[in-house]
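A look at the structure
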Amino acid sequence: MTSTRVQAADLVLPMFVKEGIADPAPVSSMPGVVQHTLDSLRKAAVEAVEAGVGGVLLFGVPAAKDARGSQADAADGIVNRALESLRAELGDATVLVADLCLCEYTDHGHCGILSGGSVANDETLARYAAVAVAQAAAGAHVVAPSGMMDGQVGAIRSGLDEAGFAEIPILAYSAKYASCFYGPFREAAEGAPQFGDREGYQQDPSRSVEEALREVALDLAEGADFVMVKPALAYLDVIRALRAAVDVPVAAYQVSGEYAMIEAAAAQGWLDRRRAVLETLTAIRRAGADVVLTYWAAEAAGWLAASR
Ligand code: PBG
């Protein structure tokens, strides 16, 4: 009989770092999650690594935003300074993953460059390649494009290769649905679209699993090294299908709304928080995810170590 075991090393902790704040700022819709200062980020990342997590995923929130998201690839931009500091502190003791998107950096909150009121795919690709190179130069071990433009993996792969970063892998958010479960994240990353929505570039939840598999095949053909499904809990069928279809590691992102849902119910005394968290992580692993990105990563790693 085989059973699923979640291990600390399977878990990746998403973290937010914000420019221009003196103290960590709590995210009200995600109790327990904060926007870090550079200093608190370093401490929390070290603690997470000591607890045994397999990696951290970094999001930056710049003080100033503009139409092209300049701070995403500015060498002194908050996310790149944070990557540098974490790489200096942790070296190769963990996997530093940089989320690669523009929505936290643009004043309009969309994931790309706008032209005529909508996102211009190809101009955005050039920006993504530049951001990937800046993140790799700052110390990211892996870049994770989450913006969902067509051809983004290929454009980023060529950009990295040309800049001498051929060894930096790409974690593609291949099956990313236009989900309401990203709601709390938009407070944490301050990247809510100022008009419209992301349905033009994220997948419709009602589409078939086969369609997700086609997206994944495209990303793999463009050079993705790992693929991701997002959100996780409502998409276990997609995780299962991907695991069966591809040879590369499959990651699943237990997103902000999944976190908020359990935290809110637990705060009311309606759910046993720890059991609920571990049960969902187990289910996501059982469905086939090799890696789970979760805001509970550090805490769950501690529980898993204690129960061994
Ligand atoms: C940015 C991005 C989002 C998330 C990760 N990267 C938001 C979105 O696509 O709207 C969501 C993560 C979460 O909800 O925890 N493209």
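Not measured: the values here are computed from a predicted model.

1. Brief notes about helix α3 (residues 121-138)
- Its 18 residues give α3 an end-to-end C-alpha distance of 26 Å, which sits within 8% of 26 Å, the value for a rise of 1.5 Å per residue.
- For α3, the set of buried residues is T124, L125, R127, Y128, A129, V131, A132, A134, Q135, A136 and A138.
- Summarising the contacts, the buried residues of α3 are in contact with α2 (78-90), β5 (95-100), β7 (118-119), β8 (142-145) and α4 (152-162).

2. Section: the pairing of β5
- Within β5, 5 of the 6 residues are buried, leaving the element largely enclosed by the surrounding structure.
- With 4 bridges joining them, strand β4 (residues 55-61) and β5 adopt parallel strand pairing. Looking across to β5, one finds that G55 is bridged to V95.
- Of the crossover connections in this fold, the one passing from β4 over α2 to the parallel β5 is right-handed.
- Pairing analysis gives 4 bridges linking β5 to β8, with the strands arranged parallel. Counterpart to L100 in the pairing with β8 is P145.

3. A few points about the packing of helix α6 (residues 209-222) against helix α7 (residues 236-245)
- In contact at an axis separation of 10 Å, α6 and α7 are set at 50 degrees when each is read in the N-to-C sense. Between α6 and α7, the angle is such that the two are oblique. Regarding α6 and α7, the two cross each other, and that crossing is right-handed. Seen from α6, the contacting residues are V209, A212, L213 and V216; seen from α7, they are D237, V238, A241, L242 and A245.

4. Some words on the state of the cysteines
- A complete count under the given rule lists 0 disulfides for this structure.
- In this structure C111 is not part of a disulfide, and its nearest cysteine sulfur, from C101, lies 3.6 Å away.

5. Focus on the pattern of salt bridges
- Applying the stated criterion across every chain, the model contains 13 salt bridges.
- Here E211 and R207 are joined by a salt bridge, their closest N and O atoms 2.7 Å apart.
- For R207, a relative accessible area of 34% translates into the label partly exposed.
- In this structure, D290 and R243 form a salt bridge, with 2.5 Å as the shortest nitrogen-oxygen distance. Of this pair, D290 sits in the loop between α9 (273-287) and β12 (291-293) while R243 sits in helix α7, and the two are 47 residues apart along the sequence.
- Linked through salt bridges whose partners overlap, the residues forming this network are D39, R42, K43 and E89.

About the cut-offs
Residues numbered from 1 in each chain as written. Predicted model: local features only at pLDDT ≥ 70, side-chain atom pairs only at ≥ 80, totals over all residues. Heavy atoms only, no water. Helix = DSSP H or I, 4+ residues; strand = E, 2+ residues; numbered from the N terminus. Expected span 1.5 Å × (residues − 1). Buried < 20%, exposed > 50% of the residue type's maximum accessible area, 1.4 Å probe, protein only. Contact = heavy atoms within 4.5 Å. Pairing = 2+ DSSP bridges. Right-handed = clockwise from strand over helix to strand, strands pointing away. Axes fitted to C-alpha atoms, helices over the stretch in contact; angles between N-to-C directions. Parallel < 35°, antiparallel > 145°, perpendicular 65-115°, else oblique. Left-handed = near helix turned anticlockwise from the far one by under 90°. Disulfide = S-S within 2.5 Å. Salt bridge = Lys/Arg side-chain N within 4 Å of Asp/Glu carboxyl O.

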